[in-house]
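Okay, here's what each chain looks like letter by letter:
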Amino acid sequence: MGLTLAGASKVAKNDNLLIITDSENLQKCKDYLSDSEYTALTNSKKKGASQFAMPQANRTVFVQSINETDAGNKQKELMRKEGNDLLDLFKYSQIKEITIVNLAKQNCSFEILEGLVLGNYQFLKYFKNTQPKVNNLKKIKVHSSALDKKQLNTLKIITDATCAARTLVNEPLSYLTAEKLSEEFVALSKDAGIKVEVYKKKKITSLKMGGLLSVNKGSVDPPTFTIMEYKPAKPKNKKPIVLVGKGVVYDTGGLSLKPTSNSMDFMKSDMAGAAIASCSIYAIAKAKLPYHVISLIPATDNRPGGNAYVPGDVVTTYSGTNVEVLNTDAEGRMILADALHFAKKLKPELVIDFATLTGSAARAVGSLGIVYMGNSDKETKNKLEQSGYTVHERLVEFPLWDEYGEMLKSDIADLKNVGGPVAGAITAGKFLQHFTDYPWLHLDVAGPSFMHTADSYRGKNGTGIGVRLIFDFISNY
Ligand code: BES
Ligand code: ZN
Ligand code: ZN
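Enquirer: Explanation requested: the coordination of the zinc ion (ligand 2) in the structure shown.
Expert: Around a metal, the ideal angle is 109.5 degrees if four donors adopt a tetrahedral arrangement and 90 or 180 degrees if six donors adopt an octahedral arrangement. The protein atoms that coordinate the zinc ion (ligand 2) are Asp251 (OD), Asp329 (O), Asp329 (OD) and Glu331 (OE), at distances spanning 2.0 to 2.2 Å. Taken together, the 6 donor atoms coordinating the zinc ion (ligand 2) span angles of 71 to 167° at the metal, a pattern that classifies the geometry as irregular. Mapping the donors of the zinc ion (ligand 2) onto the primary sequence gives the spacing D-x77-D-x1-E. A separation of 3.2 Å is found between the zinc ion (ligand 2) and the zinc ion (ligand 3), which share Asp251 as a coordinating residue. Of this pair, Asp251 sits in strand S10 (residues 247-251) while Asp329 is found in the loop between strand S13 (322-324) and helix H10 (332-344), placing the two residues 78 residues apart along the sequence. Owing to a relative accessible area of 3%, Asp251 belongs among the buried residues under this scheme.

Enquirer: What is the right way to look at the site of ligand 1 in this model?
Expert: Around ligand 1, 16 residues are found, and the nearest of them are Lys258, Asp270, Asp329, Glu331 and Gly359. Lys258 is positioned with one of its side-chain polar atoms (N or O) 2.8 Å from an oxygen atom of ligand 1. Surface burial for ligand 1 is 80%, taken as the share of its 520 Å² of free accessible area covered by protein chains. Residue composition of the shell around ligand 1, grouped by class: 5 nonpolar, 4 polar and 7 charged.

Enquirer: I would appreciate a short explanation of the sheet that holds S13 in the present structure.
Expert: Remark on secondary structure: sheet strands pair via backbone hydrogen bonds, oriented parallel or antiparallel. With mixed pairing, 3 strands are arranged side by side in an open sheet as S12-S13-S17. On the outer flanks of this sheet lie strand S12 (314-316) and strand S17 (415-416), each paired with one strand and no other.

Enquirer: Any chance you could explain the sheet that holds strand S6 (residues 139-143) here in plain terms?
Expert: What the 6 strands build is an open sheet, ordered S1-S6-S5-S2-S4-S3; its pairing is mixed. Both outer strands of the open sheet, strand S1 (4-8) and strand S3 (51-55), are each paired with one neighbouring strand and no more. Averaged over all pairs of adjacent strands, the angle between strand axes in this sheet comes to 20°, irrespective of strand direction. Relative to S6, S1 runs parallel, the two being bridged by 5 bridges. In the sheet register, Leu5 faces S6, and the bridge partner there is Ile140. Its contacts with the sheet put helix H2 (residues 72-92) on strand S2 (17-21), S3, strand S4 (60-65) and strand S5 (97-102), and the angle it makes with S4 is roughly 160°.

Enquirer: Please explain helix H15 (residues 467-475) as it appears in this structure.
Expert: Quick reminder: α-helices carry 3.6 residues per turn. Residues three or four places apart thus point the same way. With respect to burial, H15 is a largely interior element, 8 of its 9 residues being buried. Taken as a whole, H15 has its buried residues at Val467, Arg468, Leu469, Ile470, Phe471, Asp472, Phe473 and Ile474.

Enquirer: Please clarify how the coordination of the zinc ion (ligand 3) should be interpreted in this entry.
Expert: With distances of 1.9 to 2.4 Å, the protein atoms coordinating the zinc ion (ligand 3) are Lys246 (NZ), Asp251 (OD), Asp270 (OD) and Glu331 (OE). Around the zinc ion (ligand 3), the 6 donor atoms sit at angles spanning 77 to 173°, and that spread fits a shape best called octahedral.

Enquirer: How should I be thinking about the environment of Ile95 in this particular structure?
Expert: Within the element layout of this structure, Ile95 appears in the loop between H2 and S5. Residue class for Ile95 comes out buried when judged on its relative accessible area of 3%. Here Ile95 is in contact with Asn16, Thr60, Phe62, Phe90, Asn136 and Leu137, once residues within four sequence places are set aside.

Enquirer: Looking at this structure, how should I read the pattern of salt bridges?
Expert: Two side chains with opposite charge may pair up if their charged atoms get near one another. This model, assessed by the stated rule, comprises 21 salt bridges. Across the salt bridge formed by Lys141 and Asp15, the nearest N and O atoms sit 3.5 Å from each other. Placement of Lys141 in strand S6 and of Asp15 in the loop between S1 and S2 is noted, with a sequence separation of 126 residues between them. Exposure class is identical for Lys141 and Asp15. Each is buried. Among the salt bridges present, the one from Lys180 reaches Glu183, with a minimum N-O distance of 3.5 Å. You can see Lys180 and its partner Glu183 sitting in helix H5 (residues 178-192), 3 residues apart, about one turn around the helix.

Enquirer: Whenever I open this one, the side chain of Asn25 confuses me. Can you help?
Expert: Position of Asn25 among the secondary structure elements: in the loop between S2 and helix H1 (35-46). For Asn25, a relative accessible area of 9% puts it in the buried group. What Asn25 contacts, discounting residues up to four positions off in sequence, is Leu103, Ala104 and Lys105.

Enquirer: I would appreciate a short explanation of the packing of helix H4 (residues 149-170) against helix H9 (residues 272-286) in the present structure.
Expert: The geometry of a pair of packed helices is captured by two quantities: the angle between their axes and the separation between those axes. At a minimum axis separation of 9 Å, H4 and H9 run at an interaxial angle of 155°. Compared by their axis directions, H4 and H9 come out roughly antiparallel. Of the two elements, H4 crosses H9, and the hand of that crossing is right-handed. In this structure, H4 uses Ile157, Ala161, Ala164, Ala165, Leu168 and Val169 to contact H9, whose residues at the interface are Ala272, Ala275, Ser278, Cys279, Tyr282, Ala283 and Lys286. Residue composition of the contact of H4 with H9, grouped by class: 11 nonpolar, 1 polar and 1 charged.

Enquirer: Where do I start with the packing of H10 against helix H14 (residues 424-433) in this structure?
Expert: Contact geometry of H10 with H14 gives a least axis separation of 9 Å together with a crossing angle of 30°. Judged by the twist between their axes, the crossing of H10 over H14 is right-handed. The segment H10 lies against H14, with Arg333, Met334, Leu336, Ala337 and Leu340 engaging Ala428, Phe431 and Leu432. When its residues are assigned to classes, the contact of H10 with H14 shows 7 nonpolar, no polar and 1 charged.

Enquirer: Explain the pairing of S2 to me, please; I cannot follow it from the model alone.
Expert: Looking along a regular strand, one sees the side chains alternate between the two faces of the sheet. In terms of residue burial, S2 counts as a mostly covered element, since 5 of its 5 residues are buried. Here S2 shows two buried faces, one formed by Leu17, Ile19 and Thr21 and the other by Leu18 and Ile20. Across 5 bridges, S2 lies against S4 in parallel orientation. Across the sheet, the residue bridging to Leu18 is Phe62, located in S4. Of the pairings in the sheet, the one linking S2 to S5 comprises 4 bridges and is parallel in character. Considered in S5, the bridge of Ile20 is made with Asn102.

Cut-offs and rules
- Residues numbered from 1 in each chain as written.
- Chains lettered and ligands numbered in written order.
- Predicted model: local features only at pLDDT ≥ 70, side-chain atom pairs only at ≥ 80, totals over all residues.
- Heavy atoms only, no water.
- Donors = N, O, S within 2.8 Å, 3.2 Å for Na, K, Ca; no water.
- Tetrahedral: all angles 85-135°; square planar, octahedral: opposite > 155°, others 65-115°.
- Helix = DSSP H or I, 4+ residues; strand = E, 2+ residues; numbered from the N terminus.
- Buried < 20%, exposed > 50% of the residue type's maximum accessible area, 1.4 Å probe, protein only.
- Near = heavy atom within 4 Å.
- Polar contact = N/O pair within 3.5 Å; in protein donor to acceptor, adjacent residues only side chain to side chain.
- Areas by Shrake-Rupley, 256 points an atom, 1.4 Å probe, with all protein chains shown as cover.
- Nonpolar A, V, L, I, M, F, W, Y, C, P; charged D, E, K, R; others polar.
- Pairing = 2+ DSSP bridges.
- Axes fitted to C-alpha atoms, helices over the stretch in contact; angles between N-to-C directions.
- Contact = heavy atoms within 4.5 Å.
- Salt bridge = Lys/Arg side-chain N within 4 Å of Asp/Glu carboxyl O.
- Parallel < 35°, antiparallel > 145°, perpendicular 65-115°, else oblique.
- Left-handed = near helix turned anticlockwise from the far one by under 90°.

Pasting the structure below:
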């Protein structure tokens, strides 16, 4: 990304400054502003402005007032958004380096910086001339009054990991085939000291992972199955937490072809679940959190090639369950079935899967939330929901009532891969549940993984949603 985050114990006199303050400590800005400049600041505050910029001879001083009318998570999210808005001010003043100082009693620097750093993300790889596009801001020096070393390290890790997830989502199939994706996982693993193994087509075939292989039949590129394992010296959990991610590097729908516009055109993002499973274990390992975590990622594209699986086919999945395929566009559940079955032999304490699984989930909550369901205990669900509120990646639980399972009964096989015309997100979840025998949560991230219009610090295109959520969840596990 080309943005450096560094700690600072001193403020040099020519440093551009971002002063974060509250009303009570506003006068302390006088240390950095002349009397007339300070009057300008108080006047702008009176008009209701929360941000202020004062160009001086050798530097510019910015003042960010924290939101004092809201508290808790609402305030946190507002501060992230303000952090993103600061970027416009910096752009206007062509700021390359900025030093952050906190004067406020309640320290909101973490959220402000989170919004600022995430908002500064760019994906410029495919521009021949990036020069006119690239953001000016290159370095943020964070004074110890704003963040201590540990907080700064955490901020770096979660913003890096979120941006890495965005980049994976933004990469098109022309670059990011399943094999390439697995190479990206190997690179992330090496960087974070994660043990990694990639099963290639031959191994996948010998294991009889029929779900993954059937989706791959219409493709010319081979599938992969990646296992990433982070095991610290003395993990607090005896049995691993397993993260599973849907790695459909492109979803055409297969023979049940999707219409191009507004549907197939952004289906390079159908591996957003894989981005969550890989980039969150990356962050967990980087931060050396004391938990044993394993990520499993089945990957392939879904295409209508000559040998493609067809509606009516019966596929024997890795678990031995026979699935009647009635829609080749319901491919995510086919590949996840194999990964969820694989997870059984890891004797997990908890499995969480992430998938851009259904349009039904996206329609239910839009981009504002994650539809989730599962059979883990209530406390685990509450904690995950709590993390969702903390990082503003909110979750809403859907039921897994038995009756929804009835909708998956096939005339000729154990299961069919589509339910009825209603409750699509739930029947997809019921399908997955069939392949689990452990505490399990399924997160359908079809709505919030990819934005078609910019949304503050989440930006446009790949959002990297889920990474901060899981990092927070495991941090508080
Ligand atoms: N990848 C799609 C789901 C999707 C939709 C993701 C919109 C992101 C945004 C998935 O593979 C799919 O096509 N699901 C079908 C299932 C149906 C055929 C049972 C769907 O939701 O329409
Ligand atoms: Zn599909
Ligand atoms: Zn899909």
